[in-house]
Amino acid sequence: MNDKKNNNKKKKEKKKNLIMDAAEKLFIQKGYQDTTMTEIAKKAKLAKGTLYLYFSSKKDLYFTSVERALQTLKDMIIEGISICKSGFEKVVSMGKTYVNFSVDYENYYKLILDYETQETKFDESDPHVKKAYEKSEEIFNLLVSSIEEGKNDGTIDSNLDTKKIAIVLWAEITGLVQQVSLRKDLYKKWTGLDANQIFEYYIEVTQRMLSAPKTSNT
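These numbers were taken from a predicted model, which means no experiment stands behind them.

## Comments concerning the overall build of the protein
Check the secondary structure of the protein and you find nine helices and zero strands. Helices (α) and strands (β) of the protein occur, in sequence order from the N terminus, as α-α-α-α-α-α-α-α-α. C-alpha extents for the protein along the principal axes are approximately 75 × 50 × 35 Å. In the protein, buried positions account for 42% of the 218 residues. A fraction of 68% describes how many contacts in the protein between residues 6 or more apart in sequence connect residues 24 or more apart. Counting only carbon and sulfur atoms, one obtains 50% of the accessible surface of the protein, whose full area is about 13,300 Å².

See below:
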């Protein structure tokens, strides 16, 4: 009995993921507004009515997909910082992880980018929207706690305002990855630097900015 129940659960989860995979591709290609449930059903090779057995609306499907992408990013970040020995290393690791995420999970990254630049004023009281925003906040709080840890262990300048520097770093890395992914060929022509070299230099500059000042022994 339990085996049958588990098999049914796995089948439902597989179909749900199939729908989300199809939806993600269309949301990335056409954007939230211009994607329809009919197109998603066609892409997933399912009847339109089947979609509503798993998702109450297009908004539900969109934000559930965003939440899945954000959870993948969060899992990667946690794995990366788990081997770090200081708050400073954790902050640097988070930046590197975001860059790797944009390459290794390109579709997820593009979906998150669409979500973060979404012009539609979604109602934050909606539970689907709220869950996605909460997942973003969880990732942001990992950055905040890493900075605070670095200030306490002496690897990050204690004079920095934790939340202010966190939002600056958040905006910098998301903006940089977006720009490089869109214009890497142009930047290569201008500077001779490829994407990896640009990211490496960003990490180097960030390290200088965050480093606690060295005390003089004299």
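Back to the text.
## Looking at empty space enclosed by the protein
The full count for this structure, using the stated rule, is one cavity of 30 Å³ or more. Empty space within the largest cavity amounts to approximately 250 Å³. In terms of lining, the largest cavity is formed by 19 residues, of which the most central are Met94, Gly95, Tyr98, Leu143 and Ile173. Elements with a minimum of two residues in the lining of the largest cavity: α4 (58-81), α5 (87-104), α6 (106-116), α7 (127-153), α8 (162-191) and α9 (195-210).

## Looking at the pattern of salt bridges
When charged atoms on two side chains of opposite charge get close, those side chains can pair. Within the structure shown, the criterion is met by ten salt bridges. For lysine 74, the salt bridge is made with glutamate 138, and the minimal N-O distance between the two is 2.8 Å. Here lysine 74 is found in helix α4, whereas its partner glutamate 138 is found in helix α7, with 64 residues between them in sequence. The partly exposed category is assigned to glutamate 138, whose relative accessible area is 30%. For glutamate 106, the salt bridge is made with lysine 110, and the minimal N-O distance between the two is 3.1 Å. Note that glutamate 106 and lysine 110 are positioned in helix α6 at a spacing of four residues, about one turn of the helix. Note on glutamate 106: relative accessible area 43%, which makes it partly exposed. The structure contains a network of salt bridges with shared partners spanning Asp21, Glu24 and Arg68.

## Notes on the nonpolar core
Formed by 56 residues in total, the largest nonpolar core has its most connected members in Phe27, Ile40, Leu61, Tyr62, Tyr115, Leu169 and Leu210. Of all elements in the fold, only α1 (2-30), α2 (37-44), α4, α5, α6, α7, α8 and α9 reach the threshold of two or more residues within this core. The contacts of phenylalanine 27, once residues within four sequence positions are left out, are Tyr32, Thr35, Ile40, Lys58, Leu61, Tyr62, Leu111 and Asp114.

## Thoughts on α1
Compared with an ideal rise of 1.5 Å per residue, which puts 29 residues at 42 Å, α1 spans 42 Å between its outermost C-alpha atoms and is within 8% of the ideal. Those residues of α1 hidden inside the fold are in contact with α2, α3 (48-54), α4 and α6. Two residues or fewer after α1 comes glycine 31, characterised by a positive phi angle close to 90 degrees.

The rules behind the values
- Residues numbered from 1 in each chain as written.
- Predicted model: local features only at pLDDT ≥ 70, side-chain atom pairs only at ≥ 80, totals over all residues.
- Heavy atoms only, no water.
- Helix = DSSP H or I, 4+ residues; strand = E, 2+ residues; numbered from the N terminus.
- Buried < 20%, exposed > 50% of the residue type's maximum accessible area, 1.4 Å probe, protein only.
- Contact = heavy atoms within 4.5 Å.
- Areas by Shrake-Rupley, 256 points an atom, 1.4 Å probe, with all protein chains shown as cover.
- 1 Å grid on protein atoms, 1.4 Å probe; cavity = no way out; pocket = protein on both sides within 12 Å on 5 of 7 lines; lining within 4 Å.
- Points joined across faces, edges and corners; volume = space filled by probe spheres on them.
- Salt bridge = Lys/Arg side-chain N within 4 Å of Asp/Glu carboxyl O.
- Core = buried A, V, L, I, M, F, W, Y, C linked by side-chain atoms within 4.5 Å.
- Expected span 1.5 Å × (residues − 1).

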